[in-house]
Amino acid sequence: LNFLNSMVHSDIFAITFAILTIYTLFAPNILLVFGLSTEYTPVVAILNTVVLGFFALECMLSCFFVNGYMRSGRVFLDVMAMVSLAGDTLVQAHLFPSQISGATTAQPVDFRDDATGFTGRSDRLLDILKFARLFRIVQLLRTLHGIVWRNFLRPHHGLAQQLYHKRLWRVFQDLDEGKKGQLSTEQMNFFFMAMRLEFPERKVGMSKSKVFRSNVTMASSHGAAAFASRQYGTMMSLKPAALSRLSHFAPSWDLHPTDCDGTFASIIDEFNVRPEGKRALTKCQEDVQRVKASFSLVQKVSGPVVVKVCLIVLGVMGIVILLDASVEDHGDYQHLAHLDHLATSMEHSGSCAALCHAVDDFVKASPHVAKMAGIHQVYWTETSCECSNPSPSWLEVAKEVALTEEHQPHELQLVCYPNEDCTGTVTSVALMNIHESVREDAQADLVYTLIVVVLMVIFALAFMHALNKVNTRMLHPLWNILDDMASLRSLEAVRMTNFQPASNMLKDLQHSGKKRSTCRRLLRYSKRSGQWACESKKEDDVKELADLRLSLSTMRAALRSWAKYVPPYLLKSLYRSGVEATVGFHENEVSILFCDIDGFREMCRDRSPKEVLTLLSLVHGEVSNAIEAQVGTLLEFVGDEVLAVFNAPNEVVDHEEHAVESATDVLERADRLGVRMRCGVHSGKVLVGNIGSQTRIKYGVLGDSVNVAARLKSLNSHFATCCLVSDESLEEADDLHKSYVARPVGNLVLKGRKSATKVWEVRARRQSSSQTLAKTYDAHRRAFELFIARRFGEARPLLAEVCRSLKGRMGSVDIPSQHLLHLCDKYLKEPPPAEWDGSESMSKK
């Protein structure tokens, strides 16, 4: 059943029966034009019988597999068309065998004009039956409508390409922070690497897919996208600062270095030939297919409208045929009747020559060519005229003459008197050759049918083209707006600081791949100026869509402003959930980052308020970028102080590492601005959620871990350091102190706490620092271990060496090593008590 259903709805099935429909509409008249008739041509009759069987099969399959086929009345039209076709098939041989095989003495042959093969009917009925065959045009137009719409118009196919370019345009803009319209080599590599994560290779039939082409194996191909989403947020949140991190997870990826210049067009050309580019386009096509029903709405409306209009036209034509008051030509019959009366009056006079002369006049006056005439005792042929007594059976004589004719019987007409239908006693008979009139009528019917079909097809195509323009001008912009709203929903376009509509740029990009003739280029160029340009603008601008797009832009501006006050991930969650935010919180393991400008108060003394605001904007901008690059959530600015949290509200795997990486990135960015920062990082459980009243709330964190991070940030001033990190953030994240240039400052009991916290100073990543500095910090770490082990004599030389090394590098005393050196000297003179654990209480915040 599934096979039959797919076959009925396939283009091959539709095209096959469209060809058969054209055959049934034109083949009978074409045969008549060449002097043939299906009634007397068995091969054609057999072929028509097969075609009729196919139409019957189509009708039955459509009843089962085509929705609304029987309810719409199309089955009645198809049955009428099949009935009209039956006269040209072998069915007639079974219904009217005497009329096919020839005439007998009891039932003479009727050679009158019969284009459909149904003899013995009136000309009016013949016209109706021939007209009924035109109902196949309805099925032909439906077939044409479906084929054209699916294979030529296809509005959703062009939309998929448009959305593909538009979404990549958003990614390009997100990376092009400088609004240069061109990406650097690092940004291009990052773009292609991010796309590889976003659209991983799918291997069918495998339970596991080696997405990274290295030792890293994910559970499935979808795991890569989920992994990237957890690690770095959405594709749109990826920043070039994370490129090294991505490279760490995909060391063996071949990025295929390209010669593209970094512009959007060159990147698209390169991306199109890559497997991930093809998968991205497939994803857009799948997205459009999900809403294909909205585009098929016009198709569903246009199909019935075309059929109904065609039925109305055919109905009017049928009424004209029924009401046709044209008078049939009975001239030959009246002349024959006149000759019969003349022969009866001259029967006893025996003047055969006079009767022959009268017959000659009859033949000359007839529009047709007479082959024989038998009037009482007079037998006339084209070559002779004689009298016989008694008179023979003129019907038998006419049959014998007809068999000798080169034309088929349908081109011969038998005129009888006194009964026109040649029944009963016949006294006069004339056999007329009417092939010229038959062929002329066939040509007229052929032209008539051709005109009807062509006009119907032109109307259907014009109507579909007009609806397709409506579809393109209305549904395409609506879907574009819907896609923009979806991007707002995922905060892609909201977060962009340089978002620009694709519009003209994408149009030029899509048109650039199409070859145009010189005339079309000139026409397009001429439309860009003058009155045509104005008219084109008026056609393209739909006021309602323009208003909707303006409302969307206003909404985007409001959301973008809101996103500056609320953490973006939280905004996304609220937008997606569609529920109102309420007061509430939950416990979660997070990493907290506090940072501020060291000596900010002194810096502000000699600066104007505008200069201070400019400085804060620059610093806060760099801090925000560093936090967002590591998928952190920036909670608030308090003066020069910044509070950020990792692993809330969005889940971040290895959030400790991301927090420390963000802190080091803040220090590097601030150093480029000539500003010294203080950072404090701590990991632990806090209360996360909406804090406030029923009418005014904010998203924040509460707990002891927040206070610890704040204390660590402040302790930087005490130790003359820039970044202090608790042991919970370093040791619990796979010994991150081995990845950073770090050293322990001490086991400090922070103000407000009773237990000691091992505090580390993190200077930078090892791979970006000198080996001398890394060895110095490692020596400090070994000295601290000896200090905790109460081996003060062994720790003191190491600490003294660290003091000398760092003093020479930084030009000032290194307080952490100097402080431990003083403690060593103290404990060497006065050893600490047995319960001493190396902790030290801090009296200040």
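From a predicted model like this one, the values you see are computed outputs, not experimental measurements.

Novice: Please explain helix α33 (residues 815-829) as it appears in this structure.
Specialist: Here α33 is 15 residues long and its end C-alpha atoms lie 21 Å apart, about the 21 Å a rise of 1.5 Å per residue gives. Within α33 the residues assigned to the buried category are Pro816, Ser817, Leu820, Leu821, Leu823, Cys824 and Tyr827. The buried side chains of α33 occupy one side of the element, clustering within an arc of 165° when seen end-on.

Novice: Would you mind showing me how to read the sheet that holds strand β2 (residues 378-381) here?
Specialist: Strands belonging to one sheet form pairs held by backbone hydrogen bonds; the direction of such a pair is parallel or antiparallel. Ordered by their spatial adjacency, 5 strands build an open sheet running β3-β2-β1-β5-β4, and the pairing between neighbours is antiparallel. Looking at which strands have only one partner, the edges of the open sheet turn out to be β3 (385-387) and β4 (412-417). For this sheet the average axis-to-axis angle between neighbouring strands, irrespective of direction, equals 15°. Here strand β1 (residues 369-375) runs beside β2; their pairing, made up of 4 bridges, is antiparallel.

Novice: Can you walk me through the nonpolar core in this structure?
Specialist: Side chains of a nonpolar character, in soluble globular proteins, are inclined to be buried together. By size, the foremost hydrophobic cluster in this structure holds 32 residues, and its most contacted members are Leu593, Val623, Ile627, Met677, Cys679 and Val762. Of all the secondary structure elements, the ones that give two or more residues to this core are β6 (584-597), α27 (609-629), β8 (641-646), α28 (655-672), β9 (677-692), β11 (723-726), β12 (740-749) and β13 (757-765). When sequence neighbours within four positions are dropped, the list of residues in contact with Met677 reads Cys595, Asp596, Ile597, Asp598, Val619, Val623, Val666, Leu667, Ala670 and Cys722. Judged by nonpolar contacts, the second largest core, of 23 residues, contains Leu339, Leu355, Val359 and Ile375.

Novice: What is the right way to look at the state of the cysteines in this model?
Specialist: A covalent bond between the sulfur atoms of two cysteines is referred to as a disulfide. With the rule as written, the count across this model stands at 2 disulfides. The partner cysteine of Cys416 in its disulfide is Cys422, sulfur to sulfur 1.9 Å. Taking the torsion about the sulfur-sulfur bond, which here is approximately 85°, the covalent link between Cys416 and Cys422 counts as right-handed. Cys422 shares its class with Cys416; the two are buried.

Novice: For this particular structure, what's the right way to read the pattern of salt bridges?
Specialist: Proximity of charged atoms lets side chains of opposite charge pair with each other. For the structure shown, the criterion picks out 24 salt bridges. Note that Glu276 is salt-bridged to Arg196, the shortest N-O span being 3.5 Å. On the criterion of sequence distance, the pair formed by Glu276 in helix α14 (residues 275-290) and Arg196 in helix α10 (residues 185-198) is long-range, its members being 80 residues apart. One salt bridge in this structure joins Arg781 and Glu785, with 3.9 Å as the shortest N-O distance. Of this pair, Arg781 and Glu785 both sit in helix α31 (residues 771-788), 4 residues apart, roughly one helical turn. When its relative accessible area of 22% is taken as the criterion, Arg781 is described as partly exposed.

Novice: Whenever I open this one, helix α17 (residues 352-365) confuses me. Can you help?
Specialist: Since there are 3.6 residues in each turn of an α-helix, residues three or four apart along the chain are aligned in direction. Compared with the 20 Å implied by 1.5 Å per residue over 14 residues, the 20 Å span of α17 between its first and last C-alpha is a close match. Those residues of α17 lying buried are Cys352, Leu355, Cys356, Ala358, Val359, Phe362 and Val363. Mapping the buried residues of α17 onto a view down its axis gives an arc of 160°, with all of them on the same face. Facing away from the buried side of α17 by over 90 degrees, the exposed positions are Ala353, His357 and Lys364. On its buried face, α17 sits against α16 (331-345), β1, β2, β3 and β5 (428-433).

Novice: Before we go on, may I ask you to explain the pairing of strand β7 (residues 633-638) in this structure?
Specialist: Working note: regular strand, side chains alternate between the two faces of the sheet. In this sheet, β8 lies alongside β7 in antiparallel orientation, the contact comprising 5 bridges. Bridged to Glu636 within β8 is Leu643. The hairpin turn running from β7 into β8, its antiparallel successor, is 2 residues long, and Gly639 in that turn takes a positive phi close to 65°.

Rules used throughout
Residues numbered from 1 in each chain as written. Predicted model: local features only at pLDDT ≥ 70, side-chain atom pairs only at ≥ 80, totals over all residues. Heavy atoms only, no water. Helix = DSSP H or I, 4+ residues; strand = E, 2+ residues; numbered from the N terminus. Expected span 1.5 Å × (residues − 1). Buried < 20%, exposed > 50% of the residue type's maximum accessible area, 1.4 Å probe, protein only. Arc of directions from axis to C-beta. Pairing = 2+ DSSP bridges. Axes fitted to C-alpha atoms, helices over the stretch in contact; angles between N-to-C directions. Core = buried A, V, L, I, M, F, W, Y, C linked by side-chain atoms within 4.5 Å. Contact = heavy atoms within 4.5 Å. Disulfide = S-S within 2.5 Å. Salt bridge = Lys/Arg side-chain N within 4 Å of Asp/Glu carboxyl O.

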